[in-house]
Amino acid sequence: MQPGQMAYDRGITVFSPDGRLFQVEYAREAVKKGSTTIGLKYKGGVALIVDKRSNSKLLEPKSTEKIHDIDDFIGCATSGLVADARVLVDEARKNAQVHRVNYGENIGVEMLVKKICDHKQNFTQYGGVRPFGTALLVAGTDDMGAHLYETDPSGALVSYKATGIGSGRPAVMEIFENEYADDMEYEAALLLGLKALNSAIEDKPKVESVEIGVADIGKKFRRLSEEEVSALIEKL
Amino acid sequence: MQPGQMAYDRGITVFSPDGRLFQVEYAREAVKKGSTTIGLKYKGGVALIVDKRSNSKLLEPKSTEKIHDIDDFIGCATSGLVADARVLVDEARKNAQVHRVNYGENIGVEMLVKKICDHKQNFTQYGGVRPFGTALLVAGTDDMGAHLYETDPSGALVSYKATGIGSGRPAVMEIFENEYADDMEYEAALLLGLKALNSAIEDKPKVESVEIGVADIGKKFRRLSEEEVSALIEKL
Amino acid sequence: MQPGQMAYDRGITVFSPDGRLFQVEYAREAVKKGSTTIGLKYKGGVALIVDKRSNSKLLEPKSTEKIHDIDDFIGCATSGLVADARVLVDEARKNAQVHRVNYGENIGVEMLVKKICDHKQNFTQYGGVRPFGTALLVAGTDDMGAHLYETDPSGALVSYKATGIGSGRPAVMEIFENEYADDMEYEAALLLGLKALNSAIEDKPKVESVEIGVADIGKKFRRLSEEEVSALIEKL
Amino acid sequence: MQPGQMAYDRGITVFSPDGRLFQVEYAREAVKKGSTTIGLKYKGGVALIVDKRSNSKLLEPKSTEKIHDIDDFIGCATSGLVADARVLVDEARKNAQVHRVNYGENIGVEMLVKKICDHKQNFTQYGGVRPFGTALLVAGTDDMGAHLYETDPSGALVSYKATGIGSGRPAVMEIFENEYADDMEYEAALLLGLKALNSAIEDKPKVESVEIGVADIGKKFRRLSEEEVSALIEKL
Amino acid sequence: MQPGQMAYDRGITVFSPDGRLFQVEYAREAVKKGSTTIGLKYKGGVALIVDKRSNSKLLEPKSTEKIHDIDDFIGCATSGLVADARVLVDEARKNAQVHRVNYGENIGVEMLVKKICDHKQNFTQYGGVRPFGTALLVAGTDDMGAHLYETDPSGALVSYKATGIGSGRPAVMEIFENEYADDMEYEAALLLGLKALNSAIEDKPKVESVEIGVADIGKKFRRLSEEEVSALIEKL
Amino acid sequence: MQPGQMAYDRGITVFSPDGRLFQVEYAREAVKKGSTTIGLKYKGGVALIVDKRSNSKLLEPKSTEKIHDIDDFIGCATSGLVADARVLVDEARKNAQVHRVNYGENIGVEMLVKKICDHKQNFTQYGGVRPFGTALLVAGTDDMGAHLYETDPSGALVSYKATGIGSGRPAVMEIFENEYADDMEYEAALLLGLKALNSAIEDKPKVESVEIGVADIGKKFRRLSEEEVSALIEKL
Amino acid sequence: MQPGQMAYDRGITVFSPDGRLFQVEYAREAVKKGSTTIGLKYKGGVALIVDKRSNSKLLEPKSTEKIHDIDDFIGCATSGLVADARVLVDEARKNAQVHRVNYGENIGVEMLVKKICDHKQNFTQYGGVRPFGTALLVAGTDDMGAHLYETDPSGALVSYKATGIGSGRPAVMEIFENEYADDMEYEAALLLGLKALNSAIEDKPKVESVEIGVADIGKKFRRLSEEEVSALIEKL
């Protein structure tokens, strides 16, 4: 790091001379250090696959759960600063509940994601705060079908067919670019997701270190049981 | 960058000794890195043409849509920071709705653009914030005819017959200065726009990587269908 | 620029050791780069003459209009940052309307200009903002006759018989000091103004690149038609 | 510490270029200097064990009590800045009371810990404050069983079976990783905890320098009597 | 200016090690650059004499008027930043009007000056603002007789028999110390004032470049007519 | 001044490494430059003696009065920044009036002084302001007898039998330490005070340059007449 | 002081890399420079002993009183910045009165001390202020017996049997560690306290330079009379 760079990297309300927001980019570094988190669509739904390997047997397994319900039909997984993620997930839940109270219906996935991202964007334009050091993969279904969104610390949102965030993203994306196909069947998609995770963590996933959430159109978002995960890993 | 320069480039509330606002200029750099976005008028209307080439097949096509409705008769396209753009588009929509509620009529294009630009200007004069790193092309029709406005991060607005923003602007403007004529017919204008885009991206536009929105006087702002875009590209 | 200087040039709430406000002086530099704008009184009225040469045929002519109505009997022209100017003109219009609503009469020119200048001064004494990077020439008539005011970024106001702002000011002032006379007739005054503009832009004014507004005592402020401008240029 | 580092270590609203929050990390150093505090679960409950050795006979023993009741069924122990800890414990108590008033029931342990951690996270994202320089071990029971949570200055929370904070953490964790087993009996677990403390303070615990709190499912959180502690130490 | 000095000269809320407020002293420099303004008492009244030489014939004479009415019996003249002066004069007028509304009587001269000075002092003790770069000479009459006050940027006020501010102060004060006498007659006093002005501007005052205001006990504050000024200059 | 020192001397909310508040100490320097002000008790009362020598005959004598009434039975004199002193005296008067309105009795001297000092202390602990650069000697009587208080910029208050502030303090204190006795008679005390002033200003006091205020128990605080002062000086 | 240190010692909202709060530590230095203040318990009560030697006979003895009543049964003594101490004592008194009004009973000593310390802690975590540069010894009795608390600038509180603050603390603590015993009789304890003070000030205490306050269980907090102090010193 040169002194020249240091002159722009402080304070989120400052552009660098080439039009970059360093604080936002630094926040993305926090995401890049996060655990690998994968999302991909299949025919009729969308899945989240998370690496929850723990480096200590002293941790409560429940404590390492990394897939969160936001609403009945929407779930999410995060990479980056865990306390920031918790705050964002709470924000998302509150938005979903407020929508239901106001309109008597489930919030659409895109609207929900936009609300989270507007919240994130605010933290990149006003002084006295820092951006959220966390990215979210939001998976859910609504009247428009199944959706998979990735949000980043800038407040940008992108809708993917298949994607990954966290430290394993490069490995995951390479596999998906080569092998992902539209309208994959449920099992084929999840096996591909596990294969991508396998590649990212350079280890075979084990039932206790993988968490999978699925949103099937017309059904509630749910976590796969250990048996379901086991069966998938076996087939892998 | 010399130390001497560094002394003025922080904080939007600071003029440089030669009367420049560096933060606003740096925000313009973010626009110059954005995707190429073109607007041009034709006899009886105005069109927006956007480069939406994606570097990944994993992206949902809908996610890359870059033309946004603001009101029934007004649409816009943006270049620069995408999260900032989303916030500005929402601001514009809110202004349009508030106008309708208050006055029972569609907001005029110029009034709408001025409101967006006043919002932008605020972010260049008051401390604790940064300018918006995004430019908008606003195309629309009202009682006064068809309009095409370009807004920049300073809050300046200019009404063009034909213009382009984003990384391809120099190439686009060169073509338009040479070949654009007042009162071009619809098809001729759109073909010229596509030619300009072609020149900017140094590649032939494909139906899946071009998005076109048109505002015909007396009709609602609408996106061209794939068939319409295809037909135009073919003719190109 | 020496390091010694740099120590006072930031933050508007800081005097330099010799009692100067650098930020205000830097804002004046933004004015000095603006387009040439001329105002001068004649017998029974006052005129504004603006250079609106455009460097692109793609611009809508209306977009480059640089003379603004503030109230029925008051108009203004600006030099400097265009977004700042728009905000100030809106502020001026609001003041004029509020006055009419409160008192049932047109606002006096001097009172209006003072209100604009108080607004400007505020931006030079309180922290967290920057001065307006724009100067206004305000021309108008009221019960006291015809008035021509120049305001600068410090919030100072001066009443002139004839003056110019923007990049051509030195050339304009030289001509006026030598050739301007009290109680010139309408046509003579406008021809002198065009001559001054001619000298400032080092080019002969053309009908499409000159905008002229006049406030005749007892009549509303109005822009000259193309024919009127043409006729004047011809005589020149 | 190099000058290069110094450039990011101030202000909590600033990410370092590699995505770290130095102020949060520095706050963790305050925790690492704190007294050793241990928590571990046993069959049917959870215990907190604290090193309260005093370096002066002039201190009132009560003053050195380091285990605090939060609610009838929840207790906690802290490491780090003692004034910060007191403020957080008060915050926790208030949350527990508000919950009871609002819902007529005891607050769940996880909900309570999340509220504390949201409070902590706020102090890492907004300017004008510093993070809390304290970590909490929260032990309690509710309808879901016995819980042991560790919170850190970032606002992260982790549910452990057995853990330690403060200066002796490395020694404690080494013992637990090797010797802790699920579903240990009450006495075995407490003896293991005392052994870990023994190892951390490199001294045999004495009845007057150890404080133990236990939360048995279905019973209120309570401190062990001197006799109970004595008996345990004897067995050790 | 040495670096050592630079360390205290910013921010009004900072004392220098020797107990000075540099920002206030720098603001006084702005006053020292102002036009020469003189006040002196005579038997039964008090006068203000101002240098209003203009460097351009294009200025409206009225625009250069530098003596302002505050209330029927009080007037003032200023040196320093003109926009700051206008704001202070308005503040003074408001105070005078509020007093009349509240108490049904004219405000006393001392009370008015104290209110202006309290306003000024505030701008030297609270952050986020800068001191007023202007000094006022206030001349007026009330039940206590005729008064002449000088206020400076610190908010200090001094009651003089005769004084001067602005660039010519040293020359003016030298003359007054030598030649001013208590209870001078009206004409003698004004001739002495003009002589002092003469000395300060190193030129003979002309009727168009001198402005004189007088407050005679029991009469309203008024400006001398051109004839009166002419007559005085003639006698000089 | 070394760079090392400069690092703590700014901002009142910063302690130096050795626990000092530099800004408060610098404010005391402003007091040390003030005019010499003396207070001393005598049997049945307390007196204030002030050096009001003026360096110009042009000043109005009244303007240099330096002893202020606060309430019927309390007066004060100040050293340091005069505008700050005026603000503090006003604050004291307001406190005295509010007390009378609320409780229907005169405020006690100690209570009044504490209120002033709390106000002063606030300006040493909260950011965005600077300490008052002024010290007050408050002399008054109440049910508890006669009181003499000295307050300093830190907000500390000390009750003296005899003391001095301002540039002559060292000379004054030396005399008082040697010659002041408890229960001196009125005249003896005042002559001692004048002797101390004499020593401080290295000149014989003259009637026009000395101002004396006395608070006799049971009588209102009052200024001595010129005759009284004259008589005292004669005896000296 | 090295430049490296300087980088963390400003602003209370900043941790140093090793988890320290320099501003709090610097505030403690102000305490260490304070006058020696001693507190110790005896059978049935608790005493405060303060060094109030004065370096000037001109001070009013009452002014140097350093033991303050907070409530009927609670008193305190302070070391450090005297203006800060006064503010804290007032805060404590207000808390005691509010408690009585709200609950109709005397506030408990611990609750009172916690409230003071919460107030102090706030000044170490929020920006724009500085910590209190003062420590308090609070002595009092309530239903739980006699209590002696020491509070420091961080907001930490410790309950002691015997302790000292201020410049003499090291000497005092050495004596107490060696000679203090639980349940000392009243006289023995006070003689030990005086001996400790003797050692700290390296001089024999005199009746006029020692102030003693005692809180006997069931009796109000009171200052010892001169006779009582005399008798104790004699026995010493």
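Rules and cut-offs
Residues numbered from 1 in each chain as written. Chains lettered and ligands numbered in written order. Predicted model: local features only at pLDDT ≥ 70, side-chain atom pairs only at ≥ 80, totals over all residues. Heavy atoms only, no water. Contact = heavy atoms within 4.5 Å. Buried area = accessible area lost by both parts, 1.4 Å probe. Salt bridge = Lys/Arg side-chain N within 4 Å of Asp/Glu carboxyl O. Polar contact = N/O pair within 3.5 Å; in protein donor to acceptor, adjacent residues only side chain to side chain. Helix = DSSP H or I, 4+ residues; strand = E, 2+ residues; numbered from the N terminus. Nonpolar A, V, L, I, M, F, W, Y, C, P; charged D, E, K, R; others polar. pLDDT = per-residue confidence, 0-100. Least-squares fit on C-alpha atoms with pLDDT ≥ 70 in both. Buried < 20%, exposed > 50% of the residue type's maximum accessible area, 1.4 Å probe, protein only. Arc of directions from axis to C-beta. Expected span 1.5 Å × (residues − 1). Pairing = 2+ DSSP bridges. Axes fitted to C-alpha atoms, helices over the stretch in contact; angles between N-to-C directions.

**What about the interface of chain E and chain F?**
Logical step 1: The interface of chain E with chain F comprises 37 residues on the first partner and 34 residues on the second.
Logical step 2: When the two sides are added together, the surface that chain E and chain F hide from each other amounts to roughly 2900 Å², 54% of it contributed by carbon and sulfur.
Logical step 3: Three residues stand out in chain E for area buried against chain F, namely E:Phe15, E:Gln125 and E:Glu177, and they jointly supply 23% of the buried area on that side.
Logical step 4: There are three salt bridges connecting chain E and chain F.
Logical step 5: For E:Asp118, the salt bridge identified is with F:Arg86, shortest N-O distance 3.0 Å.
Logical step 6: Joining chain E to chain F, the criterion identifies 15 residue pairs in polar contact (both at pLDDT 80 or more).
Logical step 7: Secondary structure elements with two or more residues in the side of chain E that touches chain F: helix 4 (109-125), strand 7 (157-159) and helix 5 (169-179) of chain E.
Logical step 8: Take the side of chain E that touches chain F: its biggest share by element is seven residues, from helix 4 of chain E.
Logical step 9: For the side of chain E that touches chain F, a count of residues per class yields 17 nonpolar, eleven polar and nine charged.

**Observations regarding the confidence of the model for chain A**
Logical step 1: Mean pLDDT over chain A: 91, with 94% of residues reaching 70 or higher.
Logical step 2: Per-residue pLDDT, averaged within each element of chain A, yields its smallest value for helix 1 (residues 3-6) of chain A (34) and its largest for strand 1 (residues 37-42) of chain A (98).

**Brief notes about the relation of the copies chain E and chain F**
Each of the two chain copies goes to the other by way of a rotation about an axis and a shift along it.
Logical step 1: Rotating chain E by 52° and moving it 0.1 Å along the rotation axis overlays it on chain F with an RMSD of 0.0 Å.
Logical step 2: Of the residues that chain E buries at the interface, just 3% are likewise interface residues in chain F, meaning the two copies contact each other through different surfaces.

**Quick word on helix 7 (residues 226-235) of chain D**
Residues and elements named next belong to chain D.
Logical step 1: Buried within helix 7 we find Val-229, Leu-232 and Ile-233. For helix 7, the angular spread of buried residues about the axis comes to 100°, placing them on one side. For helix 7, the exposed residues set more than 90 degrees away from the buried face come down to Glu-227, Glu-234 and Lys-235.
Logical step 2: Among the structural elements, helix 6 (186-201) and strand 9 (210-216) are those in contact with the buried residues of helix 7.

**Looking at the pattern of salt bridges**
All names here are of chain D.
Logical step 1: A full pass over the atoms with the stated rule returns 140 salt bridges over all chains.
Logical step 2: Between Arg-20 and Glu-25 there is a salt bridge, with the nearest N and O atoms lying 2.6 Å from each other.
Logical step 3: Take Arg-20: its relative accessible area is 32%, and that puts it in the partly exposed class.

**Quick look at helix 3 (residues 82-103) of chain F**
Residues and elements named next belong to chain F.
Logical step 1: Taking 1.5 Å of rise per residue, 22 residues should cover 32 Å, and helix 3 covers 31 Å from first to last C-alpha, within 8% of that figure.
Logical step 2: All of the buried residues along helix 3 are Ala-83, Asp-84, Ala-85, Arg-86, Val-87, Leu-88, Val-89, Ala-92, Asn-95, Ala-96 and His-99.
Logical step 3: At the exit of helix 3 stands Gly-104, carrying a positive phi of roughly 65°.

**Digging into the sheet that holds strand 9 of chain D**
Residue and element names in this part refer to chain D.
Logical step 1: With respect to topology, five strands assemble into an open sheet ordered 8-1-2-9-10, the strand pairing being antiparallel. Both outer strands of the open sheet, strand 8 (162-165) and strand 10 (222-223), are each paired with one neighbouring strand and no more.
Logical step 2: Across two bridges, the pairing between strand 9 and strand 10 is antiparallel. Note on strand 10: the bridge partner recorded for Val-214 is Arg-222.
Logical step 3: In this fold helix 6 packs onto strand 1 (37-42), strand 2 (45-51) and strand 9, with an angle of close to 160° to the strand it touches most, strand 1.

**Examining the sheet that holds strand 4 (residues 74-80) of chain G**
Residue and element names in this part refer to chain G.
Logical step 1: On the basis of which strands lie adjacent, the open sheet formed by five strands has the order 3-4-5-6-7 and antiparallel pairing. Edge positions in the sheet fall to strand 3 (67-71) and strand 7 (157-159), since each has one partner strand and no second. The sheet shows a mean angle of 25° between the axes of neighbouring strands, direction not considered.
Logical step 2: Pairing analysis gives three bridges linking strand 6 (residues 145-151) to strand 7, with the strands arranged antiparallel. Residue Thr-151 lies in a different strand from strand 7, and its bridge partner there is Leu-157.

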